[in-house]
Amino acid sequence: MNFEDVKVIWDSQNEQPLFAVNETALHAMVRRRNRASRRGAAWTQYREIVLGLIFSLLMIGTVGVITSADPAGVAGFSWIRVPASSGHVAALSIAAVLWLYYAVYMFAARRRQLRRDESFGSSLQGDIERGLDQLEFQIRIARSIVWWGFVPVWIACALWIVVVFHLKDVKPWAFAMSGSVMAAAFALSVWGQHHAITRRFEPRRRELLALRERLEDIVT
């Protein structure tokens, strides 16, 4: 959004400030950017909710496989080479709860933002405030999700991998390799959130703040 197009000129007759750009067009531009921001946030949040539910079901499904009452059925899974124990079941159950927690966490965040959106008016100033609130919310989520989202998910993934690898009776080096891959994925996820804040959310927030200040100067 190029807010440099928003300038003030003086009417030659009554010396009243006017927008060089039609206010209706400016309002429509702000709304389009707000909608695009909401769509991007909604897609990300719904994706994380679905992933949380899918992986929670995957953990539960793995528990079902290793605790099957039919030994012949368990034997049909050639990858299971070590008898399942209560420790395996407990670890997978914790992993399932953590993934479910992550889905609920993202769903609750989505609901909170939708409720906040309803508190702003439909005017140009209201949509600017709505856009600022959306961006500030996305920045807070991007910062908090590292500890309240990624860490629980990382633990859940680690538990699942440890259980599956133990049941498969893999070599110790496989655990070390998986740990390295997971650590790299975690670091990349954290970097992605930082990049989103510095390259997407903050620049957009500064633009809206500049526009709000410029409009306030025009009014006064």
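Preceding this paragraph is the structure being described.
Below: a short report on this structure. (Residues numbered from 1 in each chain as written. Predicted model: local features only at pLDDT ≥ 70, side-chain atom pairs only at ≥ 80, totals over all residues. Heavy atoms only, no water.)

Mapped onto the fold, Arg 130 is located in helix α4 (residues 124–168). Given a relative accessible area of 11%, Arg 130 falls into the buried group. Among the polar contacts made by the side chain of Arg 130, one reaches the main-chain carbonyl oxygen of Phe 120 at a distance of 2.6 Å. If sequence neighbours within four positions are ignored, Arg 130 has contacts with Arg 38, Asp 117, Phe 120 and Gly 121. (Helix = DSSP H or I, 4+ residues; strand = E, 2+ residues; numbered from the N terminus. Buried < 20%, exposed > 50% of the residue type's maximum accessible area, 1.4 Å probe, protein only. Polar contact = N/O pair within 3.5 Å; in protein donor to acceptor, adjacent residues only side chain to side chain. Contact = heavy atoms within 4.5 Å.)

Quick look at the packing of aromatic side chains now. Overall, the coordinates contain four aromatic pairs when judged by the stated rule. A ring pair is formed by Phe 55 and Trp 99, whose centres lie 4.7 Å apart and whose planes are at 20 degrees; its orientation type is stacked. Here the residue Phe 55 occupies a position in helix α1 (residues 23–66), and Trp 99 occupies one in helix α3 (residues 86–117), the gap between them amounting to 44 residues. Assessed through its relative accessible area of 31%, Phe 55 is described here as partly exposed. Judged by its relative accessible area of 6%, Trp 99 is buried. (Phe/Tyr/Trp six-rings, centres within 6.5 Å; stacked < 30°, edge-to-face > 60°.)

Take the side chain of Gln 113 next. Tracing the chain through its elements places Gln 113 in helix α3. Judged by its relative accessible area of 6%, Gln 113 is buried. Within the structure, the side chain of Gln 113 is placed 2.8 Å from the side chain of Asp 117, a separation counted as a polar contact. If we skip the residues at most four places from it in the chain, Gln 113 touches Asp 133, Gln 134 and Phe 137.

Two elements in contact, α3 and α4, have axes whose closest approach is 8 Å; the angle formed by their N-to-C orientations is 170 degrees. Judged on the interaxial angle alone, α4 and α3 are roughly antiparallel. Of the residues that constitute the contact of α3 with α4, the class distribution is 25 nonpolar, six polar and six charged. (Axes fitted to C-alpha atoms, helices over the stretch in contact; angles between N-to-C directions. Parallel < 35°, antiparallel > 145°, perpendicular 65-115°, else oblique. Nonpolar A, V, L, I, M, F, W, Y, C, P; charged D, E, K, R; others polar.)

Turning our attention to the nonpolar core. Of all hydrophobic cores here, the largest spans 23 residues; its most connected members are Met 59, Leu 92, Trp 99, Tyr 102, Met 106 and Ile 145. Among the secondary structure elements, those contributing two or more residues to this core are α1, α3 and α4. When residues of this core are assigned to their parent elements, the largest contribution, 10 residues, is made by α3. Excluding residues that lie within four positions of it along the chain, Ile 145 makes contacts with Tyr 102, Tyr 105, Met 106, Phe 150 and Gln 193. Leu 26, Ile 139, Phe 201 and Leu 208 belong to the second largest nonpolar core, which has 14 residues in total. (Core = buried A, V, L, I, M, F, W, Y, C linked by side-chain atoms within 4.5 Å.)

Once that is clear, we can look at the pattern of salt bridges. Per the counting criterion, the structure on display carries seven salt bridges. One salt bridge in this structure joins Glu 129 and Arg 212, with 3.0 Å as the shortest N-O distance. Taken together, the positions of Glu 129 in helix α4 and Arg 212 in helix α5 (residues 172–219) put the pair 83 residues apart, joining distant regions of the chain. Under the relative-accessibility criterion, Arg 212 is labelled partly exposed at 26%. A salt bridge links Glu 136 to Arg 205, with the nearest nitrogen and oxygen atoms 3.6 Å apart. Of the two residues, Glu 136 is situated in helix α4 and Arg 205 in helix α5; the sequence distance between them amounts to 69 residues. Taking the relative accessible area as the measure of exposure, Arg 205 reaches 24% and is therefore partly exposed. Put simply, Arg 31, Asp 127 and Arg 130 are held in one network by salt bridges that share partners. (Salt bridge = Lys/Arg side-chain N within 4 Å of Asp/Glu carboxyl O.)

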